Structure formats: structure tokens, C-alpha cells
Amino acid sequence: MELMQSDPLPVTAATSRWQIKWGTPFPLCVQDTVEVRCFGQLDVEIVDQQRFIDCLAASGMQTTVEVAHKVLKAIVAQKLQETAAGLDLADFPEDDGPLTPECMERMLADSSARLQAHLAGIGVALGAFVIMSGSYCYVRPRRPELWAGGEGRGCQAVPLERNFRTPVVSPEALSPLTVSETM
């Protein structure tokens, strides 16, 4: 394991360019109905080593190449989740299965732009970002009337207490309160 020091290292091809295989460590959620998993490859070049090392030091972790790779993989997963949040359920056919080429292209284009902007801020240039494959599965049926008991598994990064439901309130019930009612 190569240790990165806080002093700027002499720039060599081995220390400034990385090819990293990545995968989503957790399912990406699309409208709390679809879970997406994918993997691919990331090619980056460290253009400002001091800024990148400062970014790693700010995270409070030991600055090794392995930790740097973990940080970069976490950034990829974050940008993919931001992209997945904007996808439409129409991008996913009725059955579970592999991501369609159109869906992967849409995810790739949006995630690449987000990723490139973020990495530039920490001294890293994006050489290539590839989604090699992906799959999805529905966590509950597409039509609400088919949901068993009004609830499905749902996409949740952190488990909530069982049988927790957000109350549905009609707009008419949301009338402004007077000052005496709020006290």
C-alpha cells in the first residue's frame, strides 16, 4: 500500500493517474419504487495533488491510495444517486432486469457532468467515466392499487421503524393557523 504524504509528491504517471473499478455499494433509489445497481470504471488524473490531499485530510482519514480510491468511489455513488433521483419510471420496463442502453446513456451523461464538476473542485481531472453494466428491480408494483397493505419495501438507505407511514393531508386541511392556535 503506497502512502501519500502531505508534502507534494513528484508527479509521475504512477501517482497521478488511476483507473478505478467502481460499483454501487447500495441500491440507487428511483422514486422510492425502483432500486438500481451498476458498476463501471473511472479514469482520473490528479492535477493538483495538494488540493486533493487537503480534501482527504479534511475527511479525517489516513491518506493512503486505498482510502483515496474509496473517497473517489463514494463520490461516484453520490453523483449516480443524484442522477437516479431525476429518472422517470418510464425508463424501466415492467419486468426487473438489466438497464436499457438508453437509460445507461442518460445516467452516464448526467453523472459525468456532475462528477467532472465535483472532481475539478478537489484537484482531480476526469479522464473517462464508464458504466459497464447495471440492473434494476421494482421494490413494489408500479400501480399503487397493487401495493400489499398500502406499503412496499421502499428504497431506504437507513431502515426506519416498521409500519412507519407519512400521513397524507389534503390541501384543504392545510389552512393557515392564527397566532393563538400556534401558542
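Please read all numbers here as calculations on a predicted model, not as lab measurements.

Draft legend 1. Structural context of helix H4 (residues 101–121). Its 21 residues place the ends of H4 30 Å apart at the C-alpha level, agreeing with the 30 Å of an ideal helix rising 1.5 Å per residue. Those residues of H4 that sit buried are Cys103, Met104, Met107, Ser111, Ser112, Leu115 and Leu119. Looking at the buried positions of H4, the neighbouring elements they touch are strand S2 (28–30), strand S3 (34–46), helix H3 (65–85) and strand S5 (124–138).

Draft legend 2. Expanded view of unusual backbone geometry. Phi angles above zero are rare outside glycine, and Gln31 is one such case at about 50°. Structurally, Gln31 is set in the loop between S2 and S3. Non-glycine residue Asp32 carries a positive phi angle of around 55°. In this fold, Asp32 is placed in the loop between S2 and S3. Taking the relative accessible area as the measure of exposure, Asp32 reaches 32% and is therefore partly exposed.

Draft legend 3. Region of the structure containing the nonpolar core. If you look at the biggest cluster of nonpolar residues, it comprises 38 residues, and the most contacted ones within it are Leu42, Phe92 and Met107. When contributions to this core are tallied by element, the ones reaching two or more residues are strand S1 (17–23), S2, S3, helix H2 (49–58), H3, H4 and S5. A total of nine residues in this core trace back to one element, the largest contributor, which is H3. Setting aside chain neighbours within four positions, we find Met107 in contact with Leu28, Val36, Cys38, Leu80, Thr83, Leu87, Leu99 and Ile131.

Draft legend 4. Quick peek at the pairing of S5. Strand direction decides the pairing type here: S3 and S5, joined by 13 bridges, are antiparallel. Among the inter-strand pairings, Val36 is bridged to a residue of S5, identified as Tyr136.

What counts, and where the lines are drawn
- What you see as residue numbers is a count from 1 along each chain, following the sequence as written.
- In keeping with the predicted nature of the model, local features appear solely for residues at pLDDT of at least 70, side-chain atom pairs appear and are counted solely at 80 or more, and the whole-chain, interface and lining totals rest on all residues.
- Excluded from the side-chain calculations are hydrogens and water; all other atoms, namely the structure's heavy atoms, are used.
- Helix and strand definitions follow DSSP, with helices as H or I runs of at least four residues and strands as E runs of at least two, each counted in order from the N terminus.
- The length a helix should cover is 1.5 Å for every residue beyond the first.
- Partly exposed describes any residue whose relative accessible area lies between the buried limit of under 20% and the exposed limit of over 50%, with all areas from a 1.4 Å probe on protein chains only and scaled to the type maximum.
- In what follows, residue pairs with any heavy atoms lying within 4.5 Å of each other are defined as contacts.
- We define the nonpolar core as a collection of buried residues of types Ala, Val, Leu, Ile, Met, Phe, Trp, Tyr and Cys that are connected through side-chain atoms lying within 4.5 Å of one another.
- Between any two strands, pairing holds if DSSP finds at least two bridges.

From the geometry alone we can't say anything about function, so treat these as descriptive.
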